[in-house]
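The chain contents come next:
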Amino acid sequence: MFSDIKPHLVELRKRLGISVITVLVMFFVMFSVWQPILEWMTSPLTAVLPKGSSVVFTKLQEPFFTALKVSFFTGFIASLPMIFWQIWLFVAPGLYDNEKKMVFPFVFGATFMFISGGAFAYYVVVPFGFTFLVNFGSQLFTALPSIGEYVSFFTKLILGFGLAFELPVITFFLASIGLVTDKTLKDFFRYALVVIFLVSALLTPPDVLTQFLMAGPMILLYALSIFIAKLTNPYKEDEEEEGDE
């Protein structure tokens, strides 16, 4: 039994090693240009800050660690094609020959959907959320957001939307190898709604509009996933009846 597991562990270690090395290389590349990247990341916040407010740091080490966060985050994003490729290479030995040919659609589709989710968060959700947060109580307080806390919040939001937009790609893969059907997703829909709104509440600012801006696309993505599963691996009533017999 252990002899069967060992080759998989060796392969997993290899794929993780390549992914980590890629992220580290891209980290150093991004660290050389972290300042313009940070300006791009903070532009949605500075655009809604009232006059007299500015982004500050409250600890001596905060600017340095913020630069590290920015470099690691953007290095991870830049490494996504390689990471998705390594994921595919790890699962490929268990696939049929015709399924192995989907490597490029999987890598491209997964990368594209993650970037699309991050772009939707940056250009649609972030402006609404930050406008609400900055303006709330602005007559009583002066907004002086901490750069370290802002970057942590920003990266969590982008990663959350990026992962949420992976749902159609994951569904296509699982349906292609026969693990899910459209009926599976339809039966799970009521539970998926609860999960979607919980995730939206955790990852977005505490206002209903912003939460719906995340929950709405996720529900549409789930509906799209049902359609993808129906095209890729439709549920067949005849097979279930044969199984009951």
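Residues numbered from 1 in each chain as written. Predicted model: local features only at pLDDT ≥ 70, side-chain atom pairs only at ≥ 80, totals over all residues. Heavy atoms only, no water.

Draft legend 1. Molecular detail of the nonpolar core. M41, W88, Y150, V151, F154 and F161 are the most contacted members of the largest nonpolar core, which has 46 residues in total. Top contributing element to this core by residue count: helix α6 (residues 103–135), with twelve residues. Once residues within four sequence positions are removed from consideration, Y150 is found in contact with M41, T42, P44, L45 and F130. Of all hydrophobic cores here, the second largest spans seven residues; its members include A175, V180, L185 and Y222. (Core = buried A, V, L, I, M, F, W, Y, C linked by side-chain atoms within 4.5 Å. Buried < 20%, exposed > 50% of the residue type's maximum accessible area, 1.4 Å probe, protein only. Helix = DSSP H or I, 4+ residues; strand = E, 2+ residues; numbered from the N terminus. Contact = heavy atoms within 4.5 Å.)

Draft legend 2. Summary view of the environment of L159. Within the secondary structure, L159 is located in helix α7 (residues 147–164). On the accessibility criterion, L159 (28% relative accessible area) is partly exposed. For L159 and V208, which are 49 residues apart along the polypeptide, the C-alpha to C-alpha distance reads 20 Å. Non-local contacts of L159, meaning those with residues more than four positions away in its chain, are made with F73, F76 and F114.

Draft legend 3. Region of interest: the packing of aromatic side chains. Applying the stated criterion to the full structure yields 21 aromatic pairs. For the pair F106 and F173, a centre-to-centre distance of 6.1 Å together with 50° between the ring planes defines the contact as tilted. Of the two residues, F106 sits in helix α6 while F173 sits in helix α8 (residues 167–176), which places them 67 residues apart along the sequence. Here F173 falls in the buried class, since its relative accessible area comes to 15%. An aromatic cluster is defined as three or more aromatic residues linked by ring pairs; in this entry it consists of W40, Y122, Y123, F130, Y150, F153 and F154. (Phe/Tyr/Trp six-rings, centres within 6.5 Å; stacked < 30°, edge-to-face > 60°.)

Draft legend 4. Spotlight on the environment of A229. Tracing the backbone shows A229 in helix α11 (residues 208–232). Separated by 61 residues in sequence, A229 and P168 place their C-alpha atoms 8.9 Å apart. In contact with A229, not counting residues within four places along its chain, are T171, A175, T181, D182, L185 and P234.

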